[in-house]
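The lines below spell out each chain.
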Amino acid sequence: MKKVPMRMCVACREMKPKKELIRVVRTPEGEIVADETGRKNGRGAYLCRSEACLNKALKIRALDRALEQPLSEAAVDALRQVIAGGGNEAL
Ligand SMILES: [Zn+2]
């Protein structure tokens, strides 16, 4: 069996297959974006595709810490849309 790459969600700290998580990246330009392709440059953190984990991450500032930068409201909105869209790659 092929080994599935696992990553940890910053909110619930569960290990999950990379594909089930959203990669959140701080780009070299200092923007925080959801990386649907998983190939963007920059510092990354992983989050479940769930509203609950996003809310928890915001509450405990897990993404801010992982990315070493506070999330802007625009970044939070973009993440909510990705989660609500369930894998919409239009971002
Ligand atoms: Zn999670």
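Figured I'd write up the structure that's included with this text. Everything numeric in this text was worked out from a predicted model, so none of it was measured.

**Here we look at the pairing of strand E4 (residues 32-35)**
Burial along E4 is two-sided: the face carrying Ile32 and Ala34 and the face carrying Val33 and Asp35 are both buried. Across 4 bridges, strand E3 (residues 21-26) lies against E4 in antiparallel orientation. In the strand pairing of E4, Val25 is matched with Val33. Linking E3 to E4, which pair antiparallel, is a turn of 5 residues; within it Gly30 sits at a positive phi near 85 degrees.

**Digging into the packing of helix H1 (residues 51-60) against helix H3 (residues 73-85)**
Helix packing for two helices is described by the angle between their axes and how far apart those axes are. Taken N-terminus to C-terminus, the directions of H1 and H3 make an angle of 160 degrees; their axes are 10 Å apart at the nearest point. When the axes of H1 and H3 are compared, the pair comes out roughly antiparallel. As H1 packs across H3, the resulting crossing turns out to be right-handed. Facing H1, whose interface residues are Glu51, Leu54, Asn55 and Leu58, H3 presents Val76, Leu79, Arg80 and Ile83.

**Details of the coordination of the zinc ion**
A four-donor tetrahedral metal ideally has 109.5 degree angles, and a six-donor octahedral metal ideally has angles of 90 or 180 degrees. The protein atoms that coordinate the zinc ion are Cys9 (SG), Cys12 (SG), Cys48 (SG) and Cys53 (SG), at distances spanning 2.3 Å. In this structure, the zinc ion is surrounded by 4 donor atoms whose angles at the metal cover 104 to 117 degrees, and the resulting shape is tetrahedral. Spacing between the donor residues of the zinc ion along the chain follows C-x2-C-x35-C-x4-C. Pair noted here: Cys12 is in the loop between strand E1 (6-8) and strand E2 (15-17) and Cys48 is in strand E5 (residues 43-48), with a separation of 36 residues, a long-range link. The exposure class assigned to Cys12 is partly exposed, which follows from its relative accessible area of 27%. A relative accessible area of 5% places Cys48 in the buried class.

The rules behind the values
Residues numbered from 1 in each chain as written. Predicted model: local features only at pLDDT ≥ 70, side-chain atom pairs only at ≥ 80, totals over all residues. Heavy atoms only, no water. Buried < 20%, exposed > 50% of the residue type's maximum accessible area, 1.4 Å probe, protein only. Helix = DSSP H or I, 4+ residues; strand = E, 2+ residues; numbered from the N terminus. Pairing = 2+ DSSP bridges. Axes fitted to C-alpha atoms, helices over the stretch in contact; angles between N-to-C directions. Parallel < 35°, antiparallel > 145°, perpendicular 65-115°, else oblique. Left-handed = near helix turned anticlockwise from the far one by under 90°. Contact = heavy atoms within 4.5 Å. Donors = N, O, S within 2.8 Å, 3.2 Å for Na, K, Ca; no water. Tetrahedral: all angles 85-135°; square planar, octahedral: opposite > 155°, others 65-115°.

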